[in-house]
Every structure is written in C-alpha cells, then in structure tokens.
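If you want the building blocks of each chain, they are given just below.
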Amino acid sequence: MGAQRLLMLLVANVLFIACSQQLQLLALKSEAAIERLALLDLRSSLGIRAADWHKKSDPCKSWVGVECQSGRVTGLRLHGLRRSKWGRLNPRFSVDSIVNLTMLSSFNSSGFLLPGSIPSWFGYRLSALQVLDLCSSSVSGSIPESLGNMMRLVPPELYFLRNLVSLDLSTNRLNGMISSGMGNFSEIKYLNLSDNGFSSVVPAELFFLFKMVELDLSSNSLSGTLPEVRHLVNLQKMNLGSNYLEGSLSKETFFSLVQLESLVLRNNRFHGALPNVLWILPKLHFLDVSGNQFTGRLPDLGSNFNATIKVFNLSWNLFYGTLAVQLVKFGSVDLSGNYFEGVSLGSNLTKIQLMRNCLQMGNQRSLEECRSFYADQGVFGGVLLLVVLVVIMWVIQRSCRHVEVNGATNANAKHVSKDGTSASTMASVDVPHVGKSFTYEQLAQSTSNFNEKFLIKNGHSGDLYRGRMDSGTHITVKKVDVHVLNNESYVSELKFFDTVSHPRLVPFLGHCLDQDNQKFLVYKYLPNGDLAKSFNRKTSGTDGDLQSLDWITRLKIATGVAEGLSYLHHECNPPLVHGDLKATSIILDDNFEVRLGSFGEVHAQPESPPTSIPEFTNPRTPGQCLSGLSLTTCAHDVYCFGKIMLELVTGKVGMSDSDETIAKEWLEQMLSYISISDKEKLSKILDPSLMVDDDLQEEVWGMALIARSCLRPNPSKRPLMKHILRALENPWKVVRDGGPWLRTTSSRKSWAAAFFSSSSWRQNSSEGNAAFRRSGTSGSHSSSGQERQTSRKKLSSEIFPEPADAWFLESQNQD
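About the cut-offs
Residues numbered from 1 in each chain as written. Predicted model: local features only at pLDDT ≥ 70, side-chain atom pairs only at ≥ 80, totals over all residues. Heavy atoms only, no water. Phe/Tyr/Trp six-rings, centres within 6.5 Å; stacked < 30°, edge-to-face > 60°. Helix = DSSP H or I, 4+ residues; strand = E, 2+ residues; numbered from the N terminus. Buried < 20%, exposed > 50% of the residue type's maximum accessible area, 1.4 Å probe, protein only. Pairing = 2+ DSSP bridges. Salt bridge = Lys/Arg side-chain N within 4 Å of Asp/Glu carboxyl O.

Enquirer: Which residues make up the packing of aromatic side chains, and what are the values?
Expert: A complete count under the given rule lists 20 aromatic pairs for this structure. Here the aromatic rings of Phe450 and Phe520 are separated by 5.3 Å at their centres, their planes lie at 20°, and the arrangement is stacked. Taken together, the residues span a long stretch of sequence, with Phe450 in the loop between α8 (440-446) and β24 (455-459) and Phe520 in strand β28 (residues 518-524) at a distance of 70 residues. Accessibility expressed as a relative area gives 0% for Phe520, which makes it buried.

In structure tokens:
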C-alpha cells in the first residue's frame, strides 16, 4: 500500500507540473497574441509600411525594429522604418497601443517624426521602460511630470542627481520655465539647453553651480536681467545669445571669471556700458556682444595692453568716439553698425570691419544720421563737425545754382506716384483700417527702434522687421517709406485684407498709419520665413552642411500655394490676381504650412482679355513673372506657379527670379528634360539631394508635367488653378491617366472635361472640394464686425472668357 500511494503521488505531481507548464504556455500565447494586435494597431496609427511589418509573419522573428525575449516584445526601434504615403502626410505622436506591451524596456524613435507632445500616461503605464530616445522626432510641448514615476527611466528625485556631470537637452521644442531645481545639480559641469522654447527669467540658482565649465542657454525666449555670475569661478564658455535678456552689466559682473575663454551675449537687449574687465580677462579669446544696445566709448587700454581676445564682435550697438590703436592687436574685430568717428587706422584695418559707422571712409552712415546720434548723446566729434560744415556749404551752393537755372527750388517738392498723385494727397485717401491699430511707439519698442539686427529683408514694397510685443507675441512689421516707395501698394494691401480672408493667406494683425512719411503693416511672425530662405536648412551636425526639404514637404508646399491661388481665382468675385508670386512671397509657418504674402500688387482680373497676344511686352522675356502689368490675368499667376513647381523639382528655388537672361536660359533647359515618354530624362535635372522612394517617383514626374503645362506660352492653354489643385492631390494620376496635361493643344474646355467628366477624377475632385471648403472661407469680417460676402462660385468661362477668334488663332500658332 505504501508503494502504491507513493506511485500515485508521483503521478499526480507529474500531471500537476505538466498542467502548469501547459497553462503557462497558453498564457504566453495569449499575451503574445495581445502584443501582436498592439503592434498591428501601432503599424496602422503610424503608417508603417507593410513590407517592414508584414501581417502574416512573426513580429519577433521578421519585423524590422522589434526585439523580443521569450516571445515577449521588449524593444521597439522606429528609426529607419519606412512609412506609407498616408503616414508621411499625417505624422503624429500616436502610440497608444504600446500600453499593451507590458515588458517593453526600450523605445527608440530617433529620426522618426512624431509631432506632438509626450502623453502623460507614459509615466503611469510603461513601468518597465529603461530607455526612451525621442531625438529628432519633432516632439513638442513640455515634459510631463509623470515621467518621474518611471523608476527605471527617470528617478523621481530628478533634480537631486548630485553626481550628474553633463546634461544636453538642446535642439528640441521644450518650453515653459527652466526649473530652479536644476540648481541642485551640484556636480554638473556641462549644461546645454539651447535652441528650445524656454521662456521667463533665467533662474539664479544656475549661477551658484561652482563647478560649471560650459553653460549654453542660447536661442530661447529668456527674458529679464542677467543673474550674478561671479560665483561661476570655473566657467570657461557661456552662451546666452538670441534671447530677450536686458539690463546693464556692472563692472563687477565678470571680475572673478578668470577661466572664461568664450562669452556670447549677441542678439539680446542689454544696454549701458560694456564692462572694461572683459578687455583684461586673462584667458578670454572670443567675445560676441553684437546686436544689443551697449553704448559708450572704447576704453583706453594703454600701450602695454596684451590682447588675448582673438575674435571680438561689437557690431550693431551704440558705441561711439574715436578708434583705439590697440584694436590692431586683435585677431579679428567687427565694429560695424556703430557710430565711431574720425579717421581710419590706415593699413592696419585688414582685420577690422567698420562699415556703417561715421568714419571718413566708404560704406558709412549718412551725415544726418551721425549728426542726430551725436546730438542726442550731448557730444559732437571735431572731425564730424568739420565734415558737416563742408557738406552744408556744398548743399547751399548746389541749391543756389538750381534756383538760378529753374527759377524755383525743389526743396519742398512732394513725391509723385506713377499716376501723378502726390504722396501727401494719397496719404489723405480714406484707406480701410482693418485689424488692430498699433502705435508707432509699440512697433518701435518691439523692434528696438527698427534695429538692423531685426531686419528680415528689404522688400520692394517695404522693409520687413521681426519684433516681439510686450505680451510675448512675435510679429513681422513692414515699414513703408511713402516718399521713397510707391505707397499705392500698402493701400492696396489694406483694402485686400479688408475684403478677403483665408487660412492660406499670411495672418494680418493690423497697421500703424499715424506717421506722415512712414506707414506700417503688421503680420503674425512665421518662424520659417519664405520658401527661398527656408528651402535649405543647416543640419544639426557641426560641419554646417545644408539639408534641403524632403519631397513630402515640397509637395505639401506646392499644394498649399495652389489652395491659396485657387481661392483668389475661383472663390473671389471678381477673381483676384496675386501678381507677384515667387519663392519670396511664399511664407511658411513652423509646420511648413503655406501662407501667401506680398499682396502689394494684387488686383482684379480684367473683364475681357487683351486684344493682342503679348501678355508681357518687350524687352521683357515672354512669360516672365513681372509686377504691376495692367494686362496680367489669373493665367499669369498660373505661369509663375509653374516656375515655382519646377524649382521644387530641381531644387533651384529662387532661380526664376534671378537675372532675366539667366532665368530664361534655365527655364528653357529644364523644360527640355520633361517628357511623358521618357521618365529617365527627368533624373538629369532632379534635385540630387532629393531622396525619393520608388513609390514617389511618379509623383515627382507628375508635378514636373503639371509645371510644364503651366508654363505654356499661350495663356489660354494653361490649366485653371482649381484643376492644378486637384492634380496635386494625386500627382501620380497625371502620369497614369494622361489627359490634357500631356497634350500641347489642350484648351480650358478639355481641362474641365478631364476633371469633371472622367470617372477616375470625379470622386477625388469632390473630396478635394470638400476638404478645401473646410480649410478655407469665402467671406470675411470687416473692422466693424459685420460679415460681408466677397465671393461666389464662378464658371471657368466667367473667370477666363474664351478669347476672340483672331486672338485665339494667333495664340494657337504660338504654342
């Protein structure tokens, strides 16, 4: 009996173990099934291509970037994964399904776009996570406090890491305040928070970190005064450039920083005298305080002065007086944009930049500007006074001679516009007061009195400046000198924004018209600037290489421009012609969404076509995009847009706006390589920096064919903008379906037939119209708050009336 009972117990134990293993196996299979569904959901939300994560294969064995242990997912690496077209067009931080990956210890999305903020549930649900890499993923917003709950990733006592030596959070989109808790990093030597969106004041606690060697807070939105820095006795490099710091610097500020080698304070709002101690710090070899409001004379350094500063940039401040001979001892000195006066230093100026001062040499400020500055300072240089007297005598003599010849003086003559109207008369014209009314003092303060360091560009209709209001709002200010520029443009622009409104137009904020000689238009500041400037961007590396926009972004920009022009051409009544479309009039926000600008030349399309074919008169190149031509129609905008698309394909953005002869030769050469019968020819002019997958090659080819049709010499054979917009929504269909894009004899009737009669296009067109109506608007609100209807749908024959027979036959022969 004893042996039998023992045998029964042994059998029962074996059966129990077998059942337990079976149950564990079933549980493992169940968990693996849950994780598989989670990964499939992640593939869908991120738009990962099926070729990388194939539905019928085992994720742990063949899915790219998936790491497993014992059948459970422990790591995800999105870096390098390819996305579907939908995924590329709609990137977002959509990873909710990974909450079911309970064993996930590593998540790496470096270089994989995940625009949006880090969800707060990261810190509550991903308890096993040990590695989190979101580098270069376009993550925005603040870091959620819940990450402190991730004991294996970030300790809850983040700011008590007393052994932390280096922390680099640069080049992200972090915002909010810099926490004073960083003052607890008692051992830190290297802290880099540059190129983010941190605002508010700099915490004083950072300047009590005695072991700090390098501190970089540049390119943020920090404000307030500079805290006391004398405790950073080991500091070697400090960069606070491109912020909004202000106040004066006391002479004791840097006295104890005997280890300091590099100091950058450029592009802030510091004022007052520059501390003399900076000239005698023993190890300082790089000093950049440009773009501030420092003032005063340069110190007398003495003949025994030993210049340790190798590179010294004092440009664009308010320094004045005579030049110090000791400046020649420096390796490189930039004193441009100040008010130094007197004679030059002779042959010793090879390493000193002195443009835009008050010196007796070329490329200097005007005499009136220098005289006014020195008068405000309560001083007047002897040399400058002599020059003033000489110039005054010359002006008097010239005026007397002019009176003798003409019998009258022109001293009080008024600026006359093209139509003979004086500037003073035009200024009195009743112009609409659309938007907010700003005071001159507000705009001057926001731009530091229109300091040249805030100058964006010198436009043909006015100078554009970047500014920041007291509320923190970033603005762009157009400064129009009505005695130099034709002030019809600013009046036209005000009337334009008082009449129309659309998301594809640059956001107009208001105006300032209370100055007699200058008028100001105010827009929302868009950080990426115009297409010509932002097409190539510096890489994050140290080599300074440029990286051009990818194809998805280029197609996005082209579609955005087409939406804006389609609104002007087809939604406004009468149709409006932009008249000045080029790369510099295409403005991009922080997400590279298009906002059309430069509306100084906008006008209604003529009611009837010209009686003769030349849309552009000699000696101009036929078809060149010119401003202010009375015969320009919507077809003129189409032509200009064709050149924009061609520039996006070839990477030569801004080329068509160059010298007339060069632009013509470039255009003719590019068009010779665009053929429906030979796709390989396009590769000879394709932007070499453009990395295009196989599934996108037809899109590039399609855009090139659309551009070619827009550039036809005969305006009547160019497509309507609404047709272009539909084609750009699926440019590969241009290649596959053909249609009027590929025929040189196409008329506008054939365009309409192709888009609204073909079943292959009908569904897409209706969807595109719906999407366009959701994104745009056909009316606007006037300044009084009353809504006015400004547009209605028009037939293509109304917008582009068919030409008279003679004109039409002549145009046929020219195509």
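Enquirer: Account for the pairing of strand β25 (residues 462-468), with residues named and values stated.
Expert: Along β25, five of the seven residues are buried, which leaves the element largely enclosed by surrounding structure. Pairing analysis gives four bridges linking β24 to β25, with the strands arranged antiparallel. Among the inter-strand pairings, Leu455 is bridged to a residue of β25, identified as Tyr465. Counting the residues between successive antiparallel strands, the hairpin from β24 to β25 contains two residues. Here six bridges tie β25 to strand β26 (residues 474-481), and the two strands are oriented antiparallel to one another. The residue bridging Arg466 from the neighbouring strand is Thr476, located in β26. Between β25 and β26, which pair antiparallel one after the other, the connecting turn spans five residues, and Gly472 there sits at a positive phi close to 100°.

Enquirer: Which residues make up the environment of Ile352, and what values do they have?
Expert: With respect to the helices, strands and loops of the structure, Ile352 is situated in strand β21 (residues 352-353). With a relative accessible area of 9%, Ile352 lands in the buried category. Sequence-wise, Ile352 and Phe312 are 40 residues apart; in three dimensions their C-alpha atoms are separated by 9.5 Å.

Enquirer: Lay out unusual backbone geometry with the relevant residues and their values.
Expert: Residue Pro574 is bonded to the preceding Asn573 through a cis peptide linkage, with omega at 5°. Here Pro574 lies in the loop between α11 (551-571) and β31 (576-577). Positive phi outside glycine occurs at Ser448, with the angle close to 55°. With respect to the helices, strands and loops of the structure, Ser448 is situated in the loop between α8 and β24. Taking relative accessible area as the criterion, Ser448 reaches 11% and is therefore assigned buried. Positive phi values are uncommon outside glycine, yet Phe450 reaches one of about 55°. Classification of Phe450 as buried rests on a relative accessible area of 8%.

Enquirer: A description of the pattern of salt bridges should follow, citing residues and the corresponding values.
Expert: The tally for this structure, following the rule as stated, stands at 20 salt bridges. Across the salt bridge formed by Asp52 and Arg82, the nearest N and O atoms sit 3.3 Å from each other. Of this pair, Asp52 sits in the loop between α1 (2-46) and α2 (59-62) while Arg82 sits in the loop between β2 (72-77) and α3 (85-89), and the two are 30 residues apart along the sequence. Accessibility expressed as a relative area gives 36% for Arg82, which makes it partly exposed. A cluster of three or more residues bridged by salt bridges with shared partners is formed by Arg356, Arg365, Glu369 and Glu452.

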